[in-house]
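Tertiary structure, described
So you can see what is in the structure, the chains are spelled out below.
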Amino acid sequence: MINQSYKDFELILVNDGSTDKSGEICDELAQKDNRVIVLHKENGGLSSARNYGLDNASRKYIMFIDSDDYYETDIISHFIKNKEAETDLFVFNVRRINNKTVRYLDSIEKTTKSQSAALKNLFEFKGADFYAWNKIYLRTLFDGVRYPEGYLYEDIVPSYEIVKKAKQIQFSEYIGYNYIENSESIVNAAFNPKQYDNVLQRVILLEKIEKEFPELLSSATEKLLDGFLSTGYKLSLSEKSETTVEYYKILKKDIRKFRSLIKNSKKIPKPKLIALKLLQSNLFLYGKLYKFYLGK
């Protein structure tokens, strides 16, 4: 981040109760570069760290970066050069990297003042989506908005609320963020109870969409279905235990709860509906086929 071609920014590093030498490394960096501000706090998780950074930020615009990832060195310059005058939310594209492949996601070049159109783009383009870290925000958009603490997939609902507040949203196909897929991270690991947030946060989003943007209900339904499918895959990777058996039952119960909504949606591809049926009937076989389909 400190190698950005645009130099006039502040970099807030939040040491969220690290037990290694991360805090010391941050302090050493701040001594060498007066743009770096280090905040030390007790461990509270990713949302807590983001919120703490927001509470201490002072510049007009805000960006987020996770610890394993990195920006392209000209992302800020690109934003300043290409931002339209009234834009207060700038959404750029993403590159996903693991030890085997590099995937370039899809996005769109479009500026809109319609929150519904912007949300539609987040649903439809994987390079846009409801991530926190591929966006540049007018800082005042976060007035009254914070990330829910203690959850995974915590950026889904705040991203929705931010779009609702934005007066103009600009989408760019420019790839400015490099997301490193870490197989050992909690998001990519086999199932644990916190992974079920992948479903619960999407349920919250769907309920909000149903009330406020009903024209996007099919898109929100498909996003929830994707949450069912990916959570089911993580359950299939885990050894059978009381916890996994319990959450498999919870998953199937929630699928039944939204079955009519899924069935009546005209947007969902047939292969996903078939996968959902298999998930409900045979978790082991579902996991095998899901893994084969993903090429893992």
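Here, the structure is the one placed above.
Residues numbered from 1 in each chain as written. Predicted model: local features only at pLDDT ≥ 70, side-chain atom pairs only at ≥ 80, totals over all residues. Heavy atoms only, no water.

**Looking at the pairing of strand 2 (residues 36-41)**
In the sheet, strand 1 (residues 11-16) pairs with strand 2 via six bridges, with the strands oriented parallel. If you follow isoleucine 12 over to strand 2, its bridge partner there is isoleucine 37. With helix 1 (residues 22-32) bridging strand 1 and the parallel strand 2, this β-α-β connection has right-handed handedness. (Pairing = 2+ DSSP bridges. Helix = DSSP H or I, 4+ residues; strand = E, 2+ residues; numbered from the N terminus. Right-handed = clockwise from strand over helix to strand, strands pointing away.)

**So, the pattern of salt bridges**
Under the criterion given, the structure shown has 18 salt bridges. Among the ionic pairs, glutamate 72 bridges to arginine 95, the shortest N-O distance being 3.2 Å. Taken as a pair, glutamate 72 in the loop between strand 4 (70-71) and helix 3 (75-82) and arginine 95 in strand 5 (residues 89-97) lie far apart in primary sequence, 23 residues in all. Residue classification places arginine 95 among the buried positions, given a relative accessible area of 16%. Among the salt bridges present, the one from arginine 103 reaches glutamate 181, with a minimum N-O distance of 3.0 Å. Taken together, the positions of arginine 103 in strand 6 (residues 102-104) and glutamate 181 in the loop between strand 9 (169-180) and helix 6 (197-212) put the pair 78 residues apart, joining distant regions of the chain. For arginine 103, a relative accessible area of 40% translates into the label partly exposed. Bridged by salt links that share partners, the residues Glu161, Lys164, Lys208 and Glu212 form one connected network. (Salt bridge = Lys/Arg side-chain N within 4 Å of Asp/Glu carboxyl O. Buried < 20%, exposed > 50% of the residue type's maximum accessible area, 1.4 Å probe, protein only.)

**Structural notes on the layout of surface pockets**
Each pocket or cavity is described by its volume, and for the second largest pocket that value is around 240 Å³. Lining the second largest pocket, in full, are Arg259, Ile262, Lys263, Leu273, Ile274, Leu276, Lys277 and Gln280. Within the residue set of the lining of the second largest pocket, elements represented by two or more residues are helix 9 (259-264) and helix 10 (270-281). Examining the composition of the lining of the second largest pocket, we find that five residues originate from one element, helix 10, more than from any other. (1 Å grid on protein atoms, 1.4 Å probe; cavity = no way out; pocket = protein on both sides within 12 Å on 5 of 7 lines; lining within 4 Å. Points joined across faces, edges and corners; volume = space filled by probe spheres on them.)

Such coordinate-based values are descriptive only and should not be taken to indicate function.
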